Amino acid sequence: MFCSKCGKQIERGNKFCPYCGAVQVEKWQEEQPGLYRGGMEYRNAPIDRTTDRMNRGILGDMTVLDVVICAIFGILILWWTFTFFPGLKQSWISFSSMSADAKFLGILLLAIPYIFVLAMAGIGIYGVMHRAYHISMAILIGILGLFMKIADIFILTSFTYADYKLILRTLFVTYGEIGLSTVVLSIGAGILLYSKSERKI
């Protein structure tokens, strides 16, 4: 609904405008903003949508904070994309001496984390654009980044098969380089999503 005096959008059922303090008037005005201005009634006046558009923020209904959250998810997508494809090229060269099955497994293991980040970030952006703030998307990406960073530092050396050792080494080294930045960006997105969510956990 809209304030009967200043025209700003307010929550349904408010008796007073939080912006100008004006007492709210008849309920039918909710569907026709702009008919009351300065306490005067204009039943035949055209509906003014300017204030409504201004209150929606940038990019339609999105606020500046929404855009920042989407930008962080976008940075994560680009960051992982620019890491995945060079890593894929290098892995293809490294895996050239392996059997076909081992090479397939190596490429698949390299692609799964990248696809996971794309999916979580995409769902996060979609949620923000539809006013659904899911902090779990940022948490899951952060956990993956932390795992990759830890694995990069403490690479598994207990495998006896050289092929699988090389696959794991390539996987963790490739994504381990961006593990810390992924965690930091995910924490930032998580904090912003938490501040926007209606249900606090």
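Residues numbered from 1 in each chain as written. Predicted model: local features only at pLDDT ≥ 70, side-chain atom pairs only at ≥ 80, totals over all residues. Heavy atoms only, no water.

Draft legend 1. Seen up close, the overall build of the protein chain. Helices and strands together make up the secondary structure of the protein chain, namely 6 helices and 2 strands. Evaluated residue by residue, the protein chain yields a buried proportion of 37% over its 201 residues. Long-range pairs, those at least 24 residues apart, make up 61% of the contacts in the protein chain with a sequence separation of at least 6. Counting only carbon and sulfur atoms, one obtains 66% of the accessible surface of the protein chain, whose full area is about 12,300 Å². (Helix = DSSP H or I, 4+ residues; strand = E, 2+ residues; numbered from the N terminus. Buried < 20%, exposed > 50% of the residue type's maximum accessible area, 1.4 Å probe, protein only. Contact = heavy atoms within 4.5 Å. Areas by Shrake-Rupley, 256 points an atom, 1.4 Å probe, with all protein chains shown as cover.)

Draft legend 2. Looking closely at the environment of Lys103. Assignment of secondary structure puts Lys103 in helix 3 (residues 100-129). With relative accessibility at 18%, the residue Lys103 sits in the buried group. In sequence terms Lys103 and Trp92 are 11 residues apart; their C-alpha atoms lie 7.8 Å from each other. Contact partners of Lys103, with chain neighbours within four places excluded, come to Trp92, Phe95, Ser96 and Met98.

Draft legend 3. The side chain of Ser91, seen in detail. Among the structural elements, Ser91 can be located in helix 2 (residues 64-94). A polar side-chain atom of Ser91 sits 2.7 Å from the main-chain carbonyl oxygen of Gly87. If we skip the residues at most four places from it in the chain, Ser91 touches Ile107, Leu110 and Thr170. (Polar contact = N/O pair within 3.5 Å; in protein donor to acceptor, adjacent residues only side chain to side chain.)

Draft legend 4. Fine view of the side chain of Thr83. In this fold, Thr83 is placed in helix 2. Residue Thr83 is classed as buried on the basis of its relative accessible area of 13%. If we ignore the near neighbours within four places in the chain, the residues touching Thr83 are Thr174, Tyr175 and Ile178.

Draft legend 5. Main features of the packing of aromatic side chains. With the rule as written, the count across this model stands at 5 aromatic pairs. Between Phe84 and Phe85 the ring centres are 5.0 Å apart and the planes differ by 70 degrees, which places this aromatic pair in the edge-to-face class. Its relative accessible area of 46% is what places Phe85 among the partly exposed residues. Between Phe147 and Phe172 the ring centres are 5.7 Å apart and the planes differ by 80 degrees, which places this aromatic pair in the edge-to-face class. Within this pair, whereas Phe147 is found in helix 4 (residues 135-153), its partner Phe172 is found in helix 5 (residues 162-176), the two being separated by 25 residues in sequence. For Phe172, a relative accessible area of 4% corresponds to the buried category. Grouping aromatic residues by their ring pairs yields a cluster made of Phe84, Phe85 and Tyr114. The ring centre of Trp92 lies 4.8 Å from the NZ or CZ of Lys103, which sits over that ring. (Phe/Tyr/Trp six-rings, centres within 6.5 Å; stacked < 30°, edge-to-face > 60°. Lys NZ or Arg CZ within 6 Å of the ring centre and 35° of its normal.)

Draft legend 6. Examining the packing of helix 2 against helix 6 (residues 179-196) more closely. Contact geometry of helix 2 with helix 6 gives a least axis separation of 10 Å together with a crossing angle of 155 degrees. Between helix 2 and helix 6, the angle is such that the two are roughly antiparallel. Like other packed secondary-structure pairs, helix 2 and helix 6 cross with a definite hand, here left-handed. Two secondary-structure elements touch here, helix 2 through Leu65, Asp66, Val68, Ile69, Ile72, Phe73, Ile75, Leu76, Trp79 and Trp80 and helix 6 through Ser181, Thr182, Leu185, Ser186, Gly188, Ala189, Leu192, Leu193, Ser195 and Lys196. Its residues assigned to classes, the contact of helix 2 with helix 6 comprises 13 nonpolar, 5 polar and 2 charged. (Axes fitted to C-alpha atoms, helices over the stretch in contact; angles between N-to-C directions. Parallel < 35°, antiparallel > 145°, perpendicular 65-115°, else oblique. Left-handed = near helix turned anticlockwise from the far one by under 90°. Nonpolar A, V, L, I, M, F, W, Y, C, P; charged D, E, K, R; others polar.)

Draft legend 7. Seen up close, helix 3. When the terminal C-alpha atoms of helix 3 are compared, their 43 Å separation across 30 residues agrees well with the 44 Å that a helix rising 1.5 Å per residue should span. Positive backbone phi, approximately 60 degrees, marks Arg131, located one or two places after helix 3. (Expected span 1.5 Å × (residues − 1).)

Draft legend 8. Summary view of unusual backbone geometry. At Arg131, a residue that is not glycine, the phi angle is positive and equals roughly 60 degrees. Relative to the helices and strands, Arg131 resides in the loop between helix 3 and helix 4. With a relative accessible area of 43%, Arg131 lands in the partly exposed category.

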